[in-house]
Amino acid sequence: MNRRKKGNQILKARAKKANAKLSGKKKPKYICKADREKMALEEQQQNQEPLSE
């Protein structure tokens with residue numbers, strides 16, 4: 001690999017990393033199973049309260 005190609009490869013890799021940082025997150029934050037169950041129970045309780053009134 002010649003020097004010019006190696007230099008270009010390094011610069012492209014740096015640019016790619018910088019663009020990845022700026023693009024933002026696409027995946028939602030992980031929520032553990034216990035928290036998901038807790039949230040589901042809270043939603044059920046909120047949905048049941050207006051029906052009883």
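Check the entry above for the structure.
Residues numbered from 1 in each chain as written. Predicted model: local features only at pLDDT ≥ 70, side-chain atom pairs only at ≥ 80, totals over all residues. Heavy atoms only, no water.

Draft legend 1. Examining the overall build of the protein more closely. A count of helices and strands for the protein gives two helices and zero strands. Whereas a compact globule of 53 residues would reach a radius of gyration of roughly 10 Å, the protein reaches 24 Å, over 25% beyond that. With the C-alpha coordinates of the protein rotated into their principal frame, the extents come out at 75 × 20 × 10 Å. Buried positions account for 0% of the 53 residues belonging to the protein. Carbon and sulfur atoms provide 53% of the accessible area of the protein, an area that totals close to 6,000 Å². Positive and negative charge centroids in the protein, built from 16 and 6 side chains respectively, lie 37 Å apart. (Helix = DSSP H or I, 4+ residues; strand = E, 2+ residues; numbered from the N terminus. Rg over C-alpha atoms; globule rule 2.2 N^0.38 Å. Buried < 20%, exposed > 50% of the residue type's maximum accessible area, 1.4 Å probe, protein only. Areas by Shrake-Rupley, 256 points an atom, 1.4 Å probe, with all protein chains shown as cover. Lys, Arg positive; Asp, Glu negative; His and termini not counted. Charge placed at Lys NZ, Arg CZ, Asp CG, Glu CD.)

Draft legend 2. Summary view of helix α1 (residues 3-23). The end-to-end C-alpha separation of α1 is 30 Å, in line with the 30 Å expected for 21 residues at 1.5 Å each. Counting buried residues along α1, only zero of its 21 residues qualify, which leaves the element largely exposed. (Expected span 1.5 Å × (residues − 1).)

Draft legend 3. Expanded view of the environment of tyrosine 30. Residue position: tyrosine 30 is located in the loop between α1 and α2 (33-52). The spacing of tyrosine 30 and alanine 18 is twelve residues in sequence and 24 Å in space, taken between C-alpha atoms.

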